[in-house]
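# A structural walkthrough
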Amino acid sequence: MYYWAIHFLPVWDFLRRTAYNAGMGDFIEAQAAKSTSQIDQWLLGGGRVVTASERASRALVSAFHGARQAEGLTAWPVPNVQDWKSFARASWEERAAEQGDGRLLLNTAQEEALWVEIAAQDRSLATLLEGPRHRLASLAMEAHQLLCSYAPRFLAKTGRSAWQQDAAAFSGWLTAFDETCNSANLLSPSRLPLELIPMLELDSSQRPPLLLAGFDRILPLQRRLFDAWGSWQEAAPASATAEVHFHAAPDAQTELAACALWARRRLALTPNARLLIVTQEASACRGEIERAFLRLADPGAAPLFEFSLGIPLIQVAPAHAAQLVLRWLSAPLLEDELDWLLSTGLAANTDETAALQATMRALRQRGMERTQWTLDAFLGQHLASAMLPAAWVPRILQARRLLQATAHRRQTPLEWAELVPELLDAAGFAHTRPLSSAEFQAIHRWQQALETCGSLGFDGRRMSWTEFVSQLDRTLNETLFAPESRDAPIQIAGPAESAGLTADAVWFLGANEDSWPANGPLHPLLPPDVQREAEMPHAAPQLDWDLAQAITNRLLASAPEVHFSFGRQTADAETRPSRLVVPFAGPPEPLPAELSAPDTPTPQTETFEDFSRVPFPAGKAEGGSSVLTSQSQCPFKAFATARLAARGWNPAESGLTPSQRGQLLHAVLHSVWAGPPDGIRTSDELQDLTDRKSFIARHVETVLQKEMPRAAREQMPRRYLELEEKRLIRLVGEWLEYEAARAPFTVAGTEVDRNLDLAGLALKLRLDRVDRLNDESMLVIDYKSGNVTPSSWDPPRPDDVQLPLYAGFALDDEELLGGLVFAKVRTGELAFAGRVGDAAATLFPGLPKNNALMKNPLTAEMLLDWRDCIQQLTDDFLAGKAEVDPREYPKTCERCDLQSLCRIQEHPTQFEDEDESENGEAADE
Ligand code: SF4
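Residues numbered from 1 in each chain as written. Predicted model: local features only at pLDDT ≥ 70, side-chain atom pairs only at ≥ 80, totals over all residues. Heavy atoms only, no water.

### Focus: the pairing of strand β2 (residues 48–51)
Residue alternation in β2 divides its side chains into two sets, R48 and V50 and V49 and T51, and both sets are buried. In terms of strand pairing, β2 meets strand β4 (residues 81–83) through three bridges, oriented parallel. Note that in β4 the partner of T51 across the bridge is D83. (Buried < 20%, exposed > 50% of the residue type's maximum accessible area, 1.4 Å probe, protein only. Helix = DSSP H or I, 4+ residues; strand = E, 2+ residues; numbered from the N terminus. Pairing = 2+ DSSP bridges.)

### Considering the confidence of the model for the protein
Across the protein, the average pLDDT comes to 87, with 92% of residues at 70 or higher. Taken together, the stretch residues 915–925 has pLDDT below 50 and engages in 14 contacts with residues farther than four places along the chain or on a different chain. (pLDDT = per-residue confidence, 0-100. Contact = heavy atoms within 4.5 Å.)

### Quick look at the site of the ligand
Around the ligand sit C634, F636, V884, P886, C893, C896, Q899, C902 and I904, and those are all the residues in its vicinity. Across the shell around the ligand, the residue classes break down as eight nonpolar, one polar and no charged. (Near = heavy atom within 4 Å. Nonpolar A, V, L, I, M, F, W, Y, C, P; charged D, E, K, R; others polar.)

### Observations regarding helix α18 (residues 413–427)
Relative to the 21 Å expected for 15 residues at 1.5 Å per residue, α18 spans 21 Å between its end C-alpha atoms, a close match to the ideal helical length. Restricting attention to buried positions, one finds in α18 the residues P413, W416, A417, L419, V420, L423, L424, A426 and A427. Structurally, α18 contributes buried residues whose contacts are with α12 (317–328), α17 (392–407), α19 (437–454) and α20 (465–478). A positive backbone phi angle near 75° is found at G428, which sits one or two residues after α18. (Expected span 1.5 Å × (residues − 1).)

### Examining the side chain of R160
Tracing the chain through its elements places R160 in the loop between α6 (130–150) and α7 (165–184). Summary of buried charges: R160 has no salt-bridge partner, and the nearest side chain of opposite charge, D178, is 4.8 Å away. Reaching out from R160, the side chain makes a polar contact with the backbone oxygen of F154 at a distance of 3.0 Å. Apart from residues lying up to four places away in sequence, R160 is in contact with F154, L155, S171, L174 and T175. (Lys, Arg positive; Asp, Glu negative; His and termini not counted. Salt bridge = Lys/Arg side-chain N within 4 Å of Asp/Glu carboxyl O. Polar contact = N/O pair within 3.5 Å; in protein donor to acceptor, adjacent residues only side chain to side chain.)

### Side note on α12
Here α12 contains twelve residues, and its C-alpha end-to-end distance of 16 Å stays within 8% of the 16 Å for a straight helix at 1.5 Å per residue. With respect to burial, α12 is a largely interior element, ten of its twelve residues being buried. Burial in α12 covers these residues: P318, A319, A321, A322, Q323, L324, V325, L326, R327 and W328.

### Concerning the sheet that holds strand β7 (residues 210–213)
Reading across from one edge, β4-β2-β7-β8 is the order of the four strands in this open sheet, with parallel pairing throughout. In this open sheet, the two strands that pair with only one neighbour each are β4 and β8 (232–234). Between one strand axis and the next, the sheet turns through 25° on average, direction left out of account. Sitting on the sheet, helix α3 (residues 54–70) is in contact with β2, β4 and β7, with an inclination near 165° to β4. Helix-sheet contacts for helix α4 (residues 84–98) involve β2, β4 and β7, and the interaxial angle to β4 is about 100°. (Axes fitted to C-alpha atoms, helices over the stretch in contact; angles between N-to-C directions.)

### Let's talk about the sheet that holds strand β11 (residues 305–307)
The parallel open sheet is built from seven strands, whose spatial order is β11-β16-β10-β17-β18-β9-β19. Each end of this open sheet is capped by a strand with a single partner; those strands are β11 and β19 (589–590). Here strand β17 (residues 505–508) pairs with strand β18 (residues 561–569) via three bridges, running parallel. Looking at the pairing, V506 lines up with V562 of β18. In the packing of helix α11 (residues 286–295) onto the sheet, the strands contacted are β10 (275–278), β11 and β16 (490–493), and the crossing angle to β11 comes to about 170°.

### Some thoughts on the pattern of salt bridges
Scanning the entire structure with this criterion turns up 50 salt bridges. A salt bridge links D178 to R191; its shortest N-O distance comes to 2.7 Å. Of this pair, D178 sits in helix α7 while R191 sits in the loop between β6 (186–187) and α8 (192–202); the two residues are 13 residues apart in sequence, bridging distant segments of the chain. Here D178 falls in the buried class, since its relative accessible area comes to 16%. For R191, a relative accessible area of 17% puts it in the buried group. A salt bridge links R826 to E829, with the nearest nitrogen and oxygen atoms 3.1 Å apart. Beyond isolated ion pairs, a larger network of salt bridges with shared partners links D799, R887, E888, K891 and R895.

### Topic: unusual backbone geometry
The omega torsion across W516 and P517 is 10°, close enough to zero to call that bond cis. Considering the arrangement of structural elements, one finds P517 in the loop between β17 and α21 (528–533). Of note, the amide linkage connecting P795 to P796 takes the cis form, showing an omega dihedral of 5°. Here P796 is to be found in the loop between β23 (778–784) and α31 (802–809). Within the chain, E535 stands out as a residue other than glycine whose phi angle is a positive 60°. Taking the relative accessible area as the measure of exposure, E535 reaches 42% and is therefore partly exposed.

### Describing the nonpolar core
Within the largest apolar cluster, 57 residues are counted, with the highest numbers of intra-cluster contacts made by F378, W392, F429, W446, W465 and F468. With eight residues, α18 is the single largest residue contributor to this core. Beyond its immediate stretch of four places on either side in the chain, F378 contacts W328, L338, L356, T359, M360, L363, W373, A384, L388 and W392. If you look at the next biggest cluster of nonpolar residues, it comprises 55 residues, including I118, A119, M141 and L155. (Core = buried A, V, L, I, M, F, W, Y, C linked by side-chain atoms within 4.5 Å.)

### Points about the environment of A248
Its place among the elements puts A248 in strand β9 (residues 243–251). Using a relative accessible area of 7% as the deciding quantity, one classes A248 as buried. Sequence-distant contacts of A248, defined by excluding residues within four places in its chain, comprise F566, R568, P588, E589, P590 and L591.

### Notes on the pairing of β18
With seven of nine residues buried, β18 lies mostly within the body of the structure. The pairing of β9 with β18 spans eight bridges and is classified as parallel. Across the sheet, residue H245 finds its bridge partner in β18, namely H563.

### Focus on the packing of aromatic side chains
Tallying each qualifying case throughout the model produces 30 aromatic pairs. Judged by centre distance (5.8 Å) and plane angle (50°), the rings of F293 and F305 are tilted. Remark: F305 occurs in strand β11 and F293 occurs in helix α11; sequence separation between them is twelve residues. Taking the relative accessible area as the measure of exposure, F305 reaches 8% and is therefore buried. Between the aromatic rings of F508 and F564, the centroid separation amounts to 5.6 Å while the plane-to-plane angle is 45°, which identifies the pairing as tilted. In this pair, F508 is assigned in strand β17 and F564 in strand β18, connecting sequence segments 56 residues apart. Owing to a relative accessible area of 1%, F508 belongs among the buried residues under this scheme. Every member of this aromatic cluster is reached through a ring pair, and the members are W84, F87, F215, F226, W229 and W232. (Phe/Tyr/Trp six-rings, centres within 6.5 Å; stacked < 30°, edge-to-face > 60°.)

Following this line, the structure appears as structure tokens:
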């Protein structure tokens, strides 16, 4: 086999452009040339190189090709480089084929499926549920692998006879596993080296000598296998580095920021430099690391870093989207899953995606959100069916029909795996949107995961569609995906994955006493004394120490400049420097000044004072009185909601939301006071009701039948709905009891609509209720089930202008205002709260003077102040005043959904002082 070179590059140019392992940069010329040339010479001499990992193997192959290109060759033999696992597997397969060994070598999913089946037969509490059963099976598989690698003598059943408790349970599973493998002619990959050793010992043929590269530790089993192979040796380690630093940062965030700043400065000085960041938190803190490095990147530029370790495939958009489409054909999706799926543009073409998203928005705006959406529920909404894209509906239905034709059967995994592409094809998945290179690779990887699931029929098992989809979910979770390397100048890797990598400079994060050497628990399914005796990972502190020391030595030899760092303070404790690093690097020093990140990063935007205003063209504004309420709370909020139609996004809840409960209460009270034929209108009629409870129950029942949101009716148990009905009957009963004590009144209207024109601003108001009092004046009422206070109407910036607006501008000329009140319909807190001209005469006879309604009566000055304030707010809105200026920071913002639009978090300090002064003045009733 020959590799055909297409480009010709000077060798060091090539090496600089490719990867660390290739021995790049000036350092590599001087320092790593020794090991590179040793490997090169070994390969040219016909030897074979075995690496610790696939990644190290790829890098060596790449370096070899680069060197041949640099020599001006156009063709050369493929270098004999294999990672450890591929080496063992290929060697076994070659000999097994010769000996006619017909056993099936299991893949990971197949082996795990066997362990799951064995664990399920245990029938203990821990294996009853699917999740714990799979976790236990995976632990058992791991324990089996440890025994194979470290203590193969315990693979014999007799060796485990004294094991107790969990170890004894595992021992039983292992016996069952062995019996299954023997009877079904199967072989676990963990056993492969053990099988290979005697084969090699019996085979006297000549084999190429082995050179081992990138091994931090050679396991006893590996050593036995290499001995059986014949001649082998380890690649000579490079000599130790020249310059080592150890930094102490105040905390982990500062440490990470300093590392990112160092990397940026290093690349600014030497653009071709290759930097290696080593961290044990590469997976757990991936987001924080990404943010730290992106923060210092030039805006719009491609990231200068990449992680060597992939992320679970299920977290990669195309794979996750395909999985959601498959699940949706037979089961509900969570609301946020559906939102996400529709946002990817993979479930439909561009126009259809926009229409589907608009449908979801419209459903929410009408309060029809659900926590879960089945396909039927989504397609069956009257509103949705009118808005859904015409071509998408038949496609998704066709996919579902295809599935339904077989979904009731138990099929082989292979049959399900073959059906999946047909289903996605019918649904039009990823048909029109162009895929990026990374997405294309992810889909390719997803297809491989699908094939892996299809291979689960190896023992003739059949499964339901639901079981197959769950299995695919698990496989996607366990499959790591990383797009092909972009050859970024900063590589971020874990200590183990960094094996075989070299760079111009290395920074090791988290070198504190608790984390380095890394420690971990003993394996829960193996006896501790067996683990200690066999020197399994984490069995003794000395073992962890030795491994960490080997990795540290290797890192010190992999670059001319190596930095270690740690944060003195973690979330809950102070930490000390790693005792392993101090002997190499000396005691840690505080971070140098040039690596102290600025408190606030350099802004990437130009700021300027924007005094421009875009006047509102006279006419109707959506939102009624809330337009002016918003203008008072925060001018930007009014601008965004009334002029840009911006809306918050409230997640659906399983039961009724507080807002839906409030709407139902309003509807019942509206029904009660709607007048004949079913309702009442006056206090006399209220007094005359002979059976008030039955009267209320009838209204509640009618309202719930008409108004209960469909999602709640379908999803909530009947008992929940009955309790909701009882709650409403009780609450409305208590409220009518309260109103029965009032002075005589007549309800002039409920849900009263009024159209207002304020200097050209047309608003449509709707008021809950207006009563005519015993002195013929009008009482304006707003029902509230939350905690409210009339001080929210106080100028100059009222928190709510609805009632003052109605009282000041919406009454007919001949109507006299008697008062405006919130009707607080809350259990245990039933009351009118507001401003009334003479509450003792018109509302509750004999009301004590210290009652808030008496202490703060409605006055002409109040009305004038409200009027002026509302006129000012109207003028401001019409003039286009749209500053981000919350009335009471942060309280006002906490009740607002527009933070992502106004970006208040970017400038919170600007408002904090105002908040303090306003808090001092605030005085609620
Ligand atoms: S979050 Fe605060 S600042 Fe932003 S629009 Fe809402 S009220 Fe105004």
